[in-house]
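Next come the chains, spelled out residue by residue.
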Amino acid sequence: MTSPTTTAEPGPARLSPRKKRQLIRGVQYVVLGAAALFLAFYTDWKSLALFVQPEVAEKTLPDLFTIALKNTIIYSVGGFILSFVFGLLLALMKLSEVRPYRWIANIYIEIFRGLPALLVFVLLNFLPLALPGFEVPGGTYGLAILGLGLIGTAYQAEIFRAGLQAVPKGQTEAARSLGMSPMRAQFTVVIPQAIRIVIPPTTNQFVALLKDSSLVLFLGVSSGFVELAKFGNDVASENANPTPIMVAGLTYLLVTIPLGYLARRLEKRR
Amino acid sequence: MNHAIEVRDLHKSFGSNKVLQGIDFTVEPGQVVCVIGPSGSGKSTLLRCVNLLEMPTQGKVFINGVELTHLDADIDAARRHIGMVFQQFNLFPHMTALKNVMIAQQRVLKRGAQEAEIVARENLNKVGIGDKCDSYPAQLSGGQQQRVAIARALAMNPTLMLFDEPTSALDPELVGDVLTVMRKLAEEGMTMLVVTHEMGFAREVADRVVFMDGGVIVEDGPPAQVIGDPQHERTRTFLHRVLHPEER
Ligand SMILES: Nc1ncnc2c1ncn2[C@@H]1O[C@H](COP(=O)(O)OP(=O)(O)OP(=O)(O)O)[C@@H](O)[C@H]1O
Ligand SMILES: [Mg+2]
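The following paragraphs examine the structure supplied in this document. (Residues numbered from 1 in each chain as written. Chains lettered and ligands numbered in written order. Predicted model: local features only at pLDDT ≥ 70, side-chain atom pairs only at ≥ 80, totals over all residues. Heavy atoms only, no water.)

What about the overall build of chain A?
Part 1 of the argument: Looking only at helices and strands, one finds 14 helices and 0 strands in chain A.
Part 2 of the argument: Reading the secondary structure of chain A in the N-to-C direction produces α-α-α-α-α-α-α-α-α-α-α-α-α-α.
Part 3 of the argument: Its C-alpha radius of gyration of 27 Å places chain A more than 25% over the 18 Å reference for a compact globule of 270 residues.
Part 4 of the argument: Taken across its 270 residues, chain A has 36% of its residues classed as buried.
Part 5 of the argument: A sequence separation of at least 24 residues applies to 77% of the contacts in chain A between residues at least 6 apart.
Part 6 of the argument: Distance from the positive charge centre (25 side chains) to the negative charge centre (15 side chains) of chain A: 15 Å. (Helix = DSSP H or I, 4+ residues; strand = E, 2+ residues; numbered from the N terminus. Rg over C-alpha atoms; globule rule 2.2 N^0.38 Å. Buried < 20%, exposed > 50% of the residue type's maximum accessible area, 1.4 Å probe, protein only. Contact = heavy atoms within 4.5 Å. Lys, Arg positive; Asp, Glu negative; His and termini not counted. Charge placed at Lys NZ, Arg CZ, Asp CG, Glu CD.)

Laid out in structure tokens, this is it:
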């Protein structure tokens, strides 16, 4: 309560709000500086140099690009295409008036969003047990793409569902009033608009798949099929040096950072 | 000769909300009929039942003598020739004005791109925005957007046009452009069912005015009668409020 006596009292000098903010800001800088000093002091700079050994980094070439990055991209782009197509299909099913379609879509989405990706990949190894005589086309590539596609589909379906629902109902009504069938209206009017809406979350989803492609390791792949993470790890073991892992990490960023930039550009357009 | 629109004992409920409670009326070919009434009286619902954007709960709708509410009716085919213009325009934002007017011609009437473009340009010229063909809806004013929407409907060669408060979302100075286009259509003999609050338009252009309240038709007759000399108290109260909004 502001009684007139408190302001009149010659108590300890109160800080103005602006001074108070300045002080708090100052304290934050001091804490940050102290943390940096602490790290610099306790880091063993000699052994840190082990992480950036140019000679070891050189040994990752050219396989880093011709095998590991290539495979990472094949796995994640393949998985992404599957998730895009089937994600759209599941989203349409989830929004369908046909109840069993909604059930199927919901069950699928709940299962594959709820399971750890690792578990899905480990389980894929046992696929021949469940379906004797069935071969996934494309061998290791096929199996890896299937694994990533199974998981990605669930997430992409939710992304598409949100995007489809964000298109105003009036759009469908206008299309229908022009004589378009429900399918025709979806494909000419609603889906093209939904795709624009989902560009940013879809990019994030692709980055997630790119990172999950490291789980292909659990399919027990032979050397021609290694992707970036396993490749980095393998070369690191051979050389007893962590540099290849740093190189592999940088290679991921080489893809993900421009991708994020591109997505922001696409989002701004129109 | 068949009625352009014939509605018989039309009921529509949303859950327990009985929005239309037994509507009977007809529109003859070439007639302009304006529907007026307070907010929530079911005007939009009635209009949307005419082209079956809403499925009636009970009753029949005939367009040019064909029963749309019949189980065997091809609704998509019927809608091709029933133009509809919405309060919020509902243009396709990812297409230019020209493409908005072309797309249904191509996809529904299966016209070739060339023919569709010729028809689209003709109709955009007709509504006075032939110079805006390459603009996207977001680059157009409300009045321009609504005229593109009218052109889009006209390009399908409709025998009948439905308008749901086509000028209600417009800035006052843009209302005239849209009404002028509608007036021209009426003069050309287009059959029109128009939900509107523009009493001037209803008085001058309509052959008949229908006053709705509480999901039923209260009054139906020539504008001179329904607007000029209303028989029912409810109509008088409504008209008084619309014509003298400042006294309340
Ligand atoms: N899709 C719907 N679902 C549920 N209720 C609806 C739906 N459409 C309309 N209604 C209800 O029906 C009633 C009549 O609505 P309608 O839009 O037909 O009125 P209106 O006469 O056009 O009013 P306005 O002048 O405000 O446009 C309202 O109570 C509304 O809430
Ligand atoms: Mg309405």
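Examining the overall build of chain B
Part 1 of the argument: Each helix and strand in chain B was counted, giving 9 helices and 10 strands.
Part 2 of the argument: Taken against the 2.2 N^0.38 rule, which gives 18 Å for 248 residues, the C-alpha radius of gyration of chain B at 18 Å falls within 12% of a compact globule.
Part 3 of the argument: Overall, chain B is about 55 × 45 × 35 Å in size when its C-alpha atoms are taken along their principal axes.
Part 4 of the argument: Within chain B, the fraction of its 248 residues that count as buried is 56%.
Part 5 of the argument: Restricting the contact set of chain B to residue pairs at least 6 apart, pairs at least 24 apart contribute 64%.
Part 6 of the argument: When the accessible surface of chain B is summed, it comes to about 10,600 Å², and 46% of that surface belongs to carbon and sulfur atoms.
Part 7 of the argument: Within chain B, one finds 25 positive and 31 negative side-chain charges whose respective centroids are separated by 5 Å. (Areas by Shrake-Rupley, 256 points an atom, 1.4 Å probe, with all protein chains shown as cover.)

Looking at empty space enclosed by the protein
Part 1 of the argument: Per the stated rule, a full pass over the model turns up 1 cavity of 30 Å³ or more.
Part 2 of the argument: The computed volume of the largest cavity comes to approximately 30 Å³.
Part 3 of the argument: Along the walls of the largest cavity sit Ala174(A), Ser177(A), Leu178(A), Met84(B), Phe86(B), Ala149(B), Arg152(B) and Ala153(B), which together make up its complete lining.
Part 4 of the argument: Those elements that provide at least two residues to the lining of the largest cavity are α10 (169–177) of chain A together with α5 (142–154) of chain B.
Part 5 of the argument: With 3 residues, the top contributor of residues to the lining of the largest cavity is α5(B).
Part 6 of the argument: Partitioning the lining of the largest cavity into residue classes produces 6 nonpolar, 1 polar and 1 charged. (1 Å grid on protein atoms, 1.4 Å probe; cavity = no way out; pocket = protein on both sides within 12 Å on 5 of 7 lines; lining within 4 Å. Points joined across faces, edges and corners; volume = space filled by probe spheres on them. Nonpolar A, V, L, I, M, F, W, Y, C, P; charged D, E, K, R; others polar.)

Details of the site of ligand 1
All names here are of chain B.
Part 1 of the argument: Residues in close proximity to ligand 1 include Phe14, Asn17, Val19, Pro38, Ser39, Gly40, Ser41, Gly42, Lys43, Ser44, Thr45 and Glu165, which together make up its full environment.
Part 2 of the argument: In the environment of ligand 1, an oxygen atom lies 2.8 Å from a nitrogen or oxygen atom belonging to the side chain of Lys43.
Part 3 of the argument: Protein chains bury 61% of the 630 Å² of accessible surface belonging to ligand 1 in isolation.
Part 4 of the argument: Among the secondary structure elements, those contributing two or more residues to the shell around ligand 1 are β2 (17–27) and α1 (43–50).
Part 5 of the argument: Here the shell around ligand 1 takes 3 residues from α1, the largest share from any one element.
Part 6 of the argument: Residues of the shell around ligand 1, tallied by class, amount to 3 nonpolar, 7 polar and 2 charged. (Near = heavy atom within 4 Å. Polar contact = N/O pair within 3.5 Å; in protein donor to acceptor, adjacent residues only side chain to side chain.)

Describing the environment of His94(B)
Part 1 of the argument: When you line up the elements, His94(B) lands in the loop between β6 (82–85) and α3 (97–107).
Part 2 of the argument: Note: C-alpha distance between His94(B) and Phe25(B) (69 residues apart in sequence) is 38 Å.
Part 3 of the argument: At 3.3 Å, the side chain of His94(B) and the backbone oxygen of Thr188(A) are in polar contact.

What about the packing of helix α12 (residues 199–212) of chain A against helix α14 (residues 243–268) of chain A?
Residues and elements named next belong to chain A.
Part 1 of the argument: Following both chains from N to C, one finds α12 and α14 inclined at 170 degrees, their axes separated by 9 Å at the closest point. Classified by the interaxial angle, the pair formed by α12 and α14 is roughly antiparallel. From α12, Ile199, Pro200, Thr203, Phe206, Val207 and Leu210 reach across to α14, where they touch Tyr252, Val255, Thr256, Leu259, Ala263, Leu266 and Glu267.
Part 2 of the argument: Here the contact of α12 with α14 is built from residues that sort into 10 nonpolar, 2 polar and 1 charged. (Axes fitted to C-alpha atoms, helices over the stretch in contact; angles between N-to-C directions. Parallel < 35°, antiparallel > 145°, perpendicular 65-115°, else oblique.)

Concerning the pairing of strand β1 (residues 5–14) of chain B
Residue and element names in this part refer to chain B.
Part 1 of the argument: Bridge count for β1 against β2 is 8 bridges, and the pairing is antiparallel. For Glu6, the partnering residue across the bridge sits in β2 and is Thr26.
Part 2 of the argument: Judged from the 5 bridges that link them, β1 and strand β4 (residues 58–63) form a sheet pairing that is antiparallel. Considered in β4, the bridge of Ile5 is made with Ile63. (Pairing = 2+ DSSP bridges.)

Some remarks on the sheet that holds β1(B)
The pairing of strands in a sheet happens through backbone hydrogen bonds and is either parallel or antiparallel.
Residues and elements named next belong to chain B.
Part 1 of the argument: Within the open sheet, the 4 strands sit side by side as β2-β1-β4-β5. Their pairing is antiparallel. In this open sheet, the two strands that pair with only one neighbour each are β2 and β5 (66–67).
Part 2 of the argument: Bridge count for β4 against β5 is 2 bridges, and the pairing is antiparallel. When the sheet's bridge partners are listed, Ile63 is paired in β5 with Val66.
Part 3 of the argument: The sheet strands contacting α1 are β1, β2 and β4, and the helix crosses β1 at an angle near 120 degrees.

Some words on the sheet that holds strand β8 (residues 191–195) of chain B
Residue and element names in this part refer to chain B.
Part 1 of the argument: Across the sheet, 6 strands lie side by side as β6-β7-β8-β3-β9-β10; this open sheet has mixed pairing. The sheet is open, and its two edges are formed by β6 and β10 (216–221), each paired on a single side. Taking each pair of neighbouring strands and ignoring which way they run, the sheet shows an average axis angle of 15 degrees.
Part 2 of the argument: Here strand β3 (residues 32–36) pairs with β8 via 4 bridges, running parallel. Pairing of Val32 across the sheet is with Met192, part of β8.
Part 3 of the argument: With respect to the sheet, α5 is in contact with β6 and β7 (160–164), its orientation differing from that of β6 by roughly 170 degrees.
Part 4 of the argument: In this fold helix α6 (residues 172–187) packs onto β3, β7 and β8, with an angle of close to 145 degrees to the strand it touches most, β8.

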